[in-house]
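Survey of secondary and tertiary structure
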Amino acid sequence: MAEHGEYVKACGICHLEAGEGVPGAFPPLDERMTRWSGTEQGRRYLVNVVVNGVNGQLEVNGVSYFSAMPGMAHQLTSGQMAALLNFVIVQFGDGEAVFTESSLDEIRTTNGAVSSLGLRPN
Ligand code: HEC
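Below or above, wherever it landed, is the structure these notes cover. Quick caveat, the model's predicted, so the values are computed rather than measured. For every chain, the first residue of its written sequence is number 1, and the numbers climb from 1 along that sequence. It should be noted that, the model being predicted, local features are given only for residues of pLDDT at least 70 and side-chain atom pairs only at 80 or more, the latter also being counted only at that level, while totals for whole chains, interfaces and linings use all residues. Each side-chain value is worked out from all heavy atoms of the structure, with water and hydrogens disregarded.

What follows is about the pattern of salt bridges. Each reported salt bridge corresponds to a side-chain nitrogen of Lys or Arg within 4 Å of a carboxyl oxygen of Asp or Glu. One pass over the structure, following the stated rule, counts one salt bridge. Among the salt bridges present, the one from Asp 30 reaches Arg 32, with a minimum N-O distance of 2.6 Å. An identical accessibility class is assigned to Asp 30 and Arg 32; each is buried. For each residue, the accessible area found with a 1.4 Å probe, counting protein chains only, is set against the maximum for its type, and the residue is called buried under 20%, exposed over 50%, and partly exposed in between.

Have a look at this one:
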């Protein structure tokens, strides 16, 4: 699992220190992270968002987001992405770490260049 400082640098700069986000601009990273980490489709979505980014319209707790998050395939290794996703699942979703470097790589290969929104669970 990543440390808070690593989270802040890679994700918290937009999603904020405690994952609370900014309504209408940056969605919160909350219990959805843990819910999604519990299904295959959800895990594919989480990995794809970090690898390939996500852009288009989302709705979270009745608030609409129509923005873009850049993919981090060139900034972060699979191990770092796994650690950061585990951090948000454990810290903000009160769940358990599910990703390893190799499981993340496997999901990356399965996903290929799929668009994130098509994978987004409810
Ligand atoms: C440059 C700002 C920025 C950074 C850095 C960033 N995000 Fe995002 N993120 C966004 C935006 C903006 C959206 C919403 C995109 C949209 O409206 O389509 C988003 C969406 C998401 C979503 C999808 C939320 C949903 O409800 O579907 C997840 C999950 C996510 N980010 C996780 C992360 C993680 C984990 C990191 C760090 C590895 C990270 N983000 C780094 C800006 C950022």
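From this point on, the discussion continues.
A run of H or I in DSSP counts as a helix once it spans at least four residues, and a run of E counts as a strand once it spans at least two, with each numbered from the N terminus. Note that Ser 116 resides in the segment after helix H5 (101–111). For Ser 116, a relative accessible area of 4% corresponds to the buried category. Here Gly 53 takes part through its backbone oxygen, which lies 2.7 Å from a polar atom of the side chain of Ser 116. Contacts of Ser 116, omitting those with residues within four sequence positions, involve Tyr 45, Asn 48, Val 49, Gly 53 and Val 54. Here a polar contact is taken to be a pair of N or O atoms separated by no more than 3.5 Å, where protein atoms must pair a possible hydrogen donor with a possible acceptor and residues adjacent in sequence count only if both atoms sit in side chains. Should any heavy atoms of two residues lie within 4.5 Å, those residues are counted as being in contact.

Only N, O and S atoms count as donors, using a 2.8 Å cut-off from the metal and 3.2 Å for Na, K and Ca, and because water is excluded some sites may appear unfinished. Surrounding the iron atom of the ligand are the protein donor atoms His 15 (NE2) and Met 69 (SD), which sit 2.0 to 2.2 Å from the metal. Angle rules define the geometry names used: all angles between 85 and 135 degrees makes four donors tetrahedral, while opposite donors over 155 degrees apart and all other angles between 65 and 115 make four donors square planar and six octahedral, leaving every other case irregular. Coordination at the iron atom of the ligand is octahedral: its six donor atoms span angles of 87 to 179° at the metal. Placement of His 15 in helix H1 (residues 4–15) and of Met 69 in strand E2 (residues 63–70) is noted, with a sequence separation of 54 residues between them. Given a relative accessible area of 11%, His 15 falls into the buried group. Overall, Met 69 belongs to the partly exposed group, its relative accessible area being 22%.

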